[in-house]
Amino acid sequence: MLRRVALDAACGECRWMYAAERRHGAAASGRRGRRGRGAFARRTFTASNQSSSAYTCVDIDESSPHVDSYALRRCCAALRVRCFYEFVKESGGGDASDGDACARLAWWNDRITSETTRATSFARAGMRDVRTFAALEDVAEDEEDAYHAGEAREDHEHPVDVAALRRWSSTASFPDVADLGTRVRVIGTLDVHMGRSLPGESLVGIRPVTPSADDDNPIHIVSPPRAYAFNVCVSPESRGIGVAEALLNAAKAHVAAKGARVLYVHCERDNAAAKSAYEKAGFSIEVEESDADADALAHTPRILLFCDLP
């Protein structure tokens, strides 16, 4: 189901891909406290650059049928789609020009639905222990009306898309986050996977390692468990205030409690904002992908960062 975490607000970029779409994004922080209903737990993690704004973080079970879990999974999907996809006209799909708002919204809605129901894809890939973390903010009663279509924050964003995707990333609040208003919006999210690697991923970590006891054969042996954070993203309106760092701190606490000794994350090599966010959260570079390897895989060169856990 869900677990509850209060946050103080943060930006980065990372994306693990099933298919060949190029995607990019950012992430957040959190604290421990009282138990709520069901699987909820309340914690607080602090970003190094604290903001006066208060956010709430929830830990979502991707396979839960609970209505609250589904609503928040769909909000997270809307944010991932906004950060990681760009609208394209599909062949045979009719007129999907910029002026055709209905076609655009139908295209985005299809992507959101696919992202919301991804648990089956995770299971097929052998990822049976994926948790989603989401940073929530209160939505003011008049904010939706005040946020007009001309406020696209990224060069590639179309005003029609921004208005719809912001609307789809919000949902009615529920009792476990009642200290927020009657409506909440997902402003940051990430996924975390317990496992030796991400299926299909070429950059794989080597930590944690245990020195060999054989002096004649001093080979270090990889000793799982370890974990990977992926799909890290923060809405353009909420970047630079600690959301990424906060979510990463929440993810580290979660996987450490499950026995992981290291948490990994990928990002594009030239993404300075992402590297800065990860370094603030305690990550260091383990390996950089070469231009030749990246060209062979038809993607931008990336780096793999790690954070040792207590």
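Keep in mind the model is a prediction, meaning the values are calculated, not measured.

**Comments concerning helix α7 (residues 272-280)**
Given 3.6 residues to a turn, an α-helix orients residues that are three or four positions apart in the same direction. Listed as buried for α7 are A274, A277 and Y278. Projected onto a plane normal to the axis of α7, the buried residues spread over an arc of 95° and lie on a single side. Buried residues belonging to α7 abut β9 (227-234), α6 (243-257), β10 (262-268) and β12 (302-308). With a side-chain oxygen positioned 3.3 Å from the backbone nitrogen of A273, the residue opening α7 is N271. In the stretch just after α7, G282 is the one whose phi turns positive, near 95°.

**Here we look at the nonpolar core**
Ranked by internal contacts, the top residues of the largest apolar core, which has 32 residues, are F133, V255, L263, Y278 and F283. Elements with a contribution of two residues or more to this core: β3 (55-61), β4 (130-138), β6 (183-194), β9, α6, β10, α7 and β12. Considering every element that reaches this core, the biggest residue donor is α6, with seven residues. Counting 22 residues, the second largest nonpolar core, distinct from the first, contains Y85, A134, L136 and V186.

**A look at unusual backbone geometry**
A cis amide bond, omega -10°, links R207 with the succeeding residue P208. Examined against the element boundaries, P208 turns out to sit in the loop between β6 and β7 (209-210). Within the chain, N231 stands out as a residue other than glycine whose phi angle is a positive 55°. You will see that A298, though not glycine, has its phi angle at about 60°, which is positive. Exposure remark for A298: the relative accessible area of 71% places this residue in the exposed category.

**Let's talk about the pairing of β6**
Of all twelve residues that make up β6, eleven are buried, and the element is covered over most of its length. In terms of strand pairing, β4 meets β6 through nine bridges, oriented antiparallel. Opposite F133, over in β6, you have L190 as the bridge partner. Alignment of strand β5 (residues 170-172) against β6, held across three bridges, turns out to be antiparallel. Across the sheet, the residue bridging to S170 is R185, located in β6. For β6 and β9, the ladder comprises six bridges, and the chain directions are antiparallel. Counterpart to G188 in the pairing with β9 is V234.

**Details of the environment of A277**
Residue position: A277 is located in helix α7. Expressed as a C-alpha distance, the spacing of A277 and G240, which sit 37 residues apart in the sequence, is 8.7 Å.

**Points about the environment of H193**
Along the chain, H193 falls in strand β6. Overall, H193 belongs to the buried group, its relative accessible area being 5%. Once the C-alpha coordinates of H193 and V130 are considered, the two residues, 63 residues apart in sequence, prove to be 4.7 Å apart. Sequence-distant contacts of H193, that is, excluding residues within four places in its chain, are made with M127, D129, V130, L198, R226, A227, Y228 and F230. From its side chain, H193 meets the backbone oxygen of S197 in a polar contact 3.3 Å long.

Each value, and the rule that gives it
Residues numbered from 1 in each chain as written. Predicted model: local features only at pLDDT ≥ 70, side-chain atom pairs only at ≥ 80, totals over all residues. Heavy atoms only, no water. Buried < 20%, exposed > 50% of the residue type's maximum accessible area, 1.4 Å probe, protein only. Helix = DSSP H or I, 4+ residues; strand = E, 2+ residues; numbered from the N terminus. Arc of directions from axis to C-beta. Contact = heavy atoms within 4.5 Å. Polar contact = N/O pair within 3.5 Å; in protein donor to acceptor, adjacent residues only side chain to side chain. Core = buried A, V, L, I, M, F, W, Y, C linked by side-chain atoms within 4.5 Å. Pairing = 2+ DSSP bridges.

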